[in-house]
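# A closer look at the structure
Here are the chains, one letter per residue:
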Amino acid sequence: MDYSLSIGIDNYYDTSITNTPYAEKDATDFYNVVARQFELDENILLVGENATINNIKEKINLIISKIQENDRVFFFFAGHGANIYNEPKLSCFDSKNDAKKNVLTWLDLNNVMGKIAEKRVNLICFIDACESSINYTSRGISNAPYYSNYIYVFSAANSSEKANSDDELKNGIWTHFLLEALRGNINALVNNQLTSTSLQNYLNNQVIKYYTDKGDSPCQIPQSWGKTNREFIIKDFSMTTIMNIKGKVDMYIKDIYFGTVDADNEMKEEPQKFVRNYFDLNNVSKSLLNKTNMQFVIGRKGTGKTYIGMYMQQISDGKVKYLAMDSFDYKSLNFLGQAGNGYEQYVTPWKYFLLSQLLIHINYIIKNEDITSLLTELYGRKATIQQILHRKFKKGIRFSNSAISEKWKKALAKNNDYFQLQELTQIFSILIEDYITQEYLLILDGLDEKINENSNYRDMMNGLIWAIKGVNDDAYVNKVTTKVVAFFRKDVFELVQGANIAKIAIGSTINLDWISDADDKKKYPLYIFMNIRYKNCLEDFGLDPSQYELVNILPAYMEVSGEKVETWDWILNFTTYKPRDVVKLLSECGKKCTENETKITEQILWEAQREYSKYFTKELKNELYGFINENLINAIFEKMQSMRKGWKDYQFLKSIINQSAISLDIELDTEKIHEIIIKLYEVGVLGIQLSNEHEHWFYRRYMKINDCIEISKYKLHQGLWKELSIW
């Protein structure tokens, strides 16, 4: 029986220890590959903060308690290595810097190998760390009882070299080629077998070739050492059903993780896949971190804003705070409104809220006594959003702690004991400026969820935009490395902004667009996004992802009215070119597949339309809420069935809207009808055909239709047809 323990650490509790990029991904990839390639009785993964020295020892002891004579153990490690008096030590999440002085906080590889050797089992260690090889004759394990066929170590570097990673490979360089070999790369095999010798030869050749191809001298030479009676087999690929010598894939559709529609649920269900599957559309995450002027991300509903925010928080090591505003209490914010008209009354309350969130997050990281005492004075043991919004400022706030009060009275040169909202924002700003130790980014998302629940929503959002600009401008002037970013739905941002906001938006917004000017739709970012997910699944199943494309599991064409349409183009025609639409459609296909199906057939694609169309109809309705009366939306959708599949003129569409309104006793004039048509077009419910017979869909290419509404024809999106019983 085989057992495996995979360990990887990117960042350490002791921040003076340098990061080891992609170590956690290395360990996760190894964990996934061995899960597919070997029959494992136990497969354990420890990454990040879970990889403490006690946790690692506990899992090693668990494996030792289970293994029996002639079993085999795989041990993979990616992180820091240190050669202490010819003894290799491995870093743990809670290791302390300077391994010589703090040796007990580092894992003793010799000790691990000795304990396992005593159980008369075979052990293979894979170590991607600096200084991960030593002179074998100096190892204490050479004196240990030796009953196994082999106790062997493959390491990424010798005792004086660094083991490097690569941003393009997104792995340690040595680990990248190790994974290729374990997946069955033919160049690593001899007679279809991966052996101890063939693996070491492959690693040595490929790592050296990697450096020389880049024009560099090899700065790490893979090593192997240990005890063995002879060359031993690691994996016999001649009998595998996963990939034969011609590269035939035997991964089933039900094994493919296309994702979930909701980024929040995807993060909770599959956190590791969530991070691996990320696609940085328009380089948005890099731009937000590296460009101080970028303050707003704009995209249609479902274009991945939440995914971006949650991803950035997940990988940021505390630098990014993602704040979901879906249930934000706008009524309480309204009570904090200051003197002024329109949006101006909300600028200071928003600054107060933004700075409080930044301060709370910064203090969560640095745990500063001054900040803690102030926050406790203001909000009690734990500062929640509700407590922040419910503080009463009519007369101002009076601190019960006289030391805090006197300190800030002096700092603000004030005489009375009552602190107003504006003064509290000053205090927050000063504390942030005094104690900030690194860059921090606050992301607000979900600002469109309550668009129709507050009559002052537009002024509030306008005030938020100005508050963000003010907070970020102050930070820039004072050389404070904080920034606030807001994610807006495109139509909401356009609703909110006037001439005053347009000036702010220029040069400070990033637009999310999943299409490009390419004629081949497989070159769209949307295809690349889905292809990454497919290839990651291939990799998890021990297959070489470079050999396959998403289109390999789709029919080449779909028959539509006697014509052949490329299947990827056909799929897009049922969407509004948003990732969540494609994820939903392919996921429904996966549910329709039998256990052993390796391709999605035409029949399955058609059968998946029933559930997909229900989702799609609900999605488009949700986008209309807040702009059109909810009951009117439902009435219009019911009557739009009469449009069928063809193009209908303005009068036909107008009659549908009028009849829907009359059934609800709603009066509509021509201007209001035009507004509804424009919104139906902008959301994607309708396409438009101009008098010159050119067809336009808003999500493909933006075009204003205000001047051609009454002279154009309209067509219902085919993603709605199944739900509306048109076919």
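Residues numbered from 1 in each chain as written. Predicted model: local features only at pLDDT ≥ 70, side-chain atom pairs only at ≥ 80, totals over all residues. Heavy atoms only, no water.

### Here we look at the layout of surface pockets
Put simply, the rule reads: Here a cavity means grid points, on a 1 Å grid over the protein atoms only, where a 1.4 Å probe fits yet cannot get out; a pocket means an open set of points with protein on both sides within 12 Å along at least five of seven lines; lining residues are those with an atom within 4 Å of a point. Grid points are joined across faces, edges and corners, and a volume is the space filled by probe spheres set on the points. Where helices and strands are cited, they refer to DSSP runs of H or I of at least four residues and of E of at least two residues respectively, numbered from the N terminus. Here the term charged refers only to Asp, Glu, Lys and Arg, the term nonpolar to Ala, Val, Leu, Ile, Met, Phe, Trp, Tyr, Cys and Pro, and the term polar to all other amino acids, Gly among them.
In this model, the second largest pocket occupies a volume close to 750 Å³. In this structure, the second largest pocket is lined by 36 residues; those nearest its centre are Asp262, Ala263, Thr306, Tyr307 and Arg580. Among the secondary structure elements, those contributing two or more residues to the lining of the second largest pocket are α6 (263–269), α9 (305–315), β15 (320–324), α19 (525–540) and α21 (579–592). Counting residues per element, the lining of the second largest pocket draws most heavily on α9, at six residues. Partitioned by chemical class, the residues of the lining of the second largest pocket number 15 nonpolar, seven polar and 14 charged.

### A look at empty space enclosed by the protein
Per the stated rule, a full pass over the model turns up four cavities of 30 Å³ or more. The calculated volume of the largest cavity comes to roughly 110 Å³. Arg300, Lys301, Arg489, Lys490, Asp491, Glu494, Glu623, Lys679, Glu682, Val683 and Phe698 together form the lining of the largest cavity. Listing elements by their share of the lining of the largest cavity, those giving two or more residues are α17 (490–496) and α26 (670–683). Split by residue class, the lining of the largest cavity holds two nonpolar, no polar and nine charged.

### Overview of helix α4 (residues 173–182)
Basically, it comes down to this: The cut-offs for exposure are 20% and 50% of the maximum accessible area for each residue type, with area from a 1.4 Å probe on protein chains only; residues under the lower value are buried, those over the upper are exposed, and the others partly exposed.
Counting buried positions along α4 yields nine of 10 residues, so the element is predominantly enclosed. Listing the buried residues of α4 in full gives Ile173, Trp174, Thr175, His176, Phe177, Leu178, Leu179, Ala181 and Leu182. A positive backbone phi angle near 100 degrees is found at Gly184, which sits one or two residues after α4.

### Quick notes on the pattern of salt bridges
Where side chains of opposite charge bring their charged atoms close, a pairing between them can arise. Here is the rule we go by: Each reported salt bridge corresponds to a side-chain nitrogen of Lys or Arg within 4 Å of a carboxyl oxygen of Asp or Glu.
Inspection of the entire model under this criterion finds 32 salt bridges. Its salt-bridge partner being Glu42, residue Lys66 comes within 2.4 Å of it at the nearest N-O pair. Of this pair, Lys66 sits in helix α2 (residues 53–66) while Glu42 sits in strand β2 (residues 40–47), and the two are 24 residues apart along the sequence. On the basis of relative accessibility, which here comes to 32%, the residue Lys66 falls in the partly exposed class. The class for Glu42 is buried, based on a relative accessible area of 18%. Here Glu494 and Lys490 are joined by a salt bridge, their closest N and O atoms 3.5 Å apart. Of this pair, Glu494 and Lys490 both sit in helix α17, four residues apart, roughly one helical turn. With a relative accessible area of 39%, Glu494 lands in the partly exposed category. Each of Lys25, Asp29, Arg183, Arg276 and Glu539 takes part in salt bridges that share partners, so that together they form one network.

### As for helix α14 (residues 402–411)
Condition: The arc in question is formed by the directions pointing from the helix axis toward the C-beta atoms. Only heavy atoms enter the contact rule, under which two residues are in contact if any of them lie within 4.5 Å. For this analysis, a polar contact is any N or O atom pair within 3.5 Å, provided that within protein one partner can donate a hydrogen and the other can accept it, and provided that sequence-adjacent residues contribute only side-chain to side-chain pairs.
Regarding α14, the residues found buried are Ile404, Ser405, Trp408 and Lys409. Buried positions in α14, seen along its axis, are confined to an arc of 125 degrees and lie on one side of it. Those residues of α14 that are exposed and angled more than 90 degrees off the buried face are Ser402, Ala403 and Lys410. Of the surrounding elements, those touching the buried residues of α14 are α12 (369–379), β17 (418–419) and α15 (421–435). For α14, the capping residue at the N-terminal end is Asn401, with a side-chain oxygen 2.9 Å from the backbone nitrogen of Ala403.

### Thoughts on the nonpolar core
Here is the rule we go by: Put simply, a nonpolar core is a bunch of buried Ala, Val, Leu, Ile, Met, Phe, Trp, Tyr and Cys residues held in one set by side-chain atoms that sit within 4.5 Å of each other.
In terms of nonpolar packing, the biggest core is built from 103 residues, with Leu288, Ile600 and Val685 touching the most fellow members. Not counting residues up to four positions away in its chain, the partners in contact with Ile600 are Ile253, Phe258, Ile553, Leu554, Pro555, Leu586, Cys589, Cys593 and Leu605. Counting residues in each nonpolar core, the second largest holds 63 residues, with Tyr346, Leu358, Phe419 and Met461 among its members.

### Some points on the packing of aromatic side chains
The criterion, for reference: Stacked, tilted and edge-to-face are the three classes applied to pairs of Phe, Tyr and Trp rings, where Trp contributes its six-membered ring and a pair requires centres within 6.5 Å; stacked means planes under 30 degrees apart, edge-to-face means over 60, and tilted covers the rest. Lysine NZ or arginine CZ positioned within 6 Å of the ring centre and within 35 degrees of the ring normal marks a charge as sitting over the ring.
Within this structure, the stated rule accounts for 38 aromatic pairs. With a centroid separation of 5.5 Å and 85 degrees between ring planes, the pair formed by Tyr210 and Tyr211 is classed as edge-to-face. Summarising the burial analysis for this pair, Tyr210 and Tyr211 share the class buried. With a centroid separation of 5.2 Å and an interplanar angle of 70 degrees, the aromatic rings of Phe328 and Phe353 are classed as edge-to-face. Pair noted here: Phe328 is in the loop between β15 and α10 (330–335) and Phe353 is in helix α11 (residues 344–366), with a separation of 25 residues, a long-range link. Just above the ring of Phe237 sits the side chain of Lys235; from NZ or CZ to the centre is 5.7 Å. When the ring centre of Phe627 is taken as reference, the NZ or CZ atom of Lys679 above it lies at 3.7 Å.

### Considerations on the packing of α12 against α15
We apply this condition: Only C-alpha atoms enter the line fits that serve as axes; for helices the fit covers just the stretch in contact. Angles between N-to-C directions range over 0 to 180 degrees. Any angle from 65 to 115 degrees is called roughly perpendicular, while one under 35 is roughly parallel, one over 145 is roughly antiparallel, and all others are oblique. Note on convention: near helix rotated counterclockwise from far helix by under a right angle means a left-handed crossing. Clockwise means right-handed.
Across the interface, α12 lies against α15 with an axial gap of 11 Å and an inter-helix angle of 155 degrees. When the axis of α12 is compared with that of α15, the two are roughly antiparallel. α12 and α15 meet at a crossing whose hand is left-handed. Side by side, α12 and α15 meet where Asp370, Ile371, Leu374, Leu378 and Tyr379 of the first sit next to Leu424, Ile427, Phe428, Leu431 and Tyr435 of the second. Per-class residue counts for the contact of α12 with α15 are nine nonpolar, no polar and one charged.

### Examining the confidence of the model for the protein
What counts is decided by this rule: Predictor confidence is given residue by residue as pLDDT, running from a minimum of 0 to a maximum of 100.
Residues of the protein with pLDDT of at least 70 account for 94%, and the chain-wide mean is 88. Predicted confidence for residues 134–147 stays below pLDDT 50, and this span has 35 contacts to residues more than four positions away or in other chains. Every residue in residues 241–249 is under pLDDT 50, and counting partners more than four places away or in other chains gives 20 contacts.

### Quick look at the sheet that holds strand β18 (residues 440–445)
Stated formally: Two strands make a pair as long as DSSP finds a minimum of two bridges between them.
Strands sit in the order β15-β18-β19-β14-β20 across an open sheet of five strands; the sheet is parallel. Edge positions in the sheet fall to β15 and β20 (509–511), since each of these pairs with one other strand and no more. Neighbour-to-neighbour, the strand axes of this sheet turn through a mean angle of 20 degrees, independent of strand direction. With three bridges connecting them, strand β14 (residues 296–299) and β20 associate as parallel partners.

### A few points about the sheet that holds strand β5 (residues 87–90)
With respect to topology, three strands assemble into an open sheet ordered β4-β5-β6, the strand pairing being antiparallel. Two strands in the sheet have a free side with no partner beyond their single neighbour: β4 (81–84) and β6 (107–108). Here four bridges tie β4 to β5, and the two strands are oriented antiparallel to one another. Its bridge partner lying in β5, Ile84 is registered against Glu87.

### A word on the pairing of β4
Where burial is concerned, the two faces of β4 agree: the one with Gly81 and Asn83 and the one with Ala82 and Ile84 are both buried. Counted along the chain from β4 to the antiparallel partner β5, the turn is two residues long, and its residue Tyr85 has a positive phi close to 50 degrees.

### Comments concerning unusual backbone geometry
Phi at Asn191 is positive, roughly 55 degrees, even though this residue is not glycine. Inspection of the secondary structure assignment puts Asn191 in the loop between α4 and β11 (193–195). We classify Asn191 as exposed; its relative accessible area is 70%. For Ala413, which is not glycine, the phi torsion reads 55 degrees and is therefore positive. Within the secondary structure, Ala413 sits in the loop between α14 and β17.

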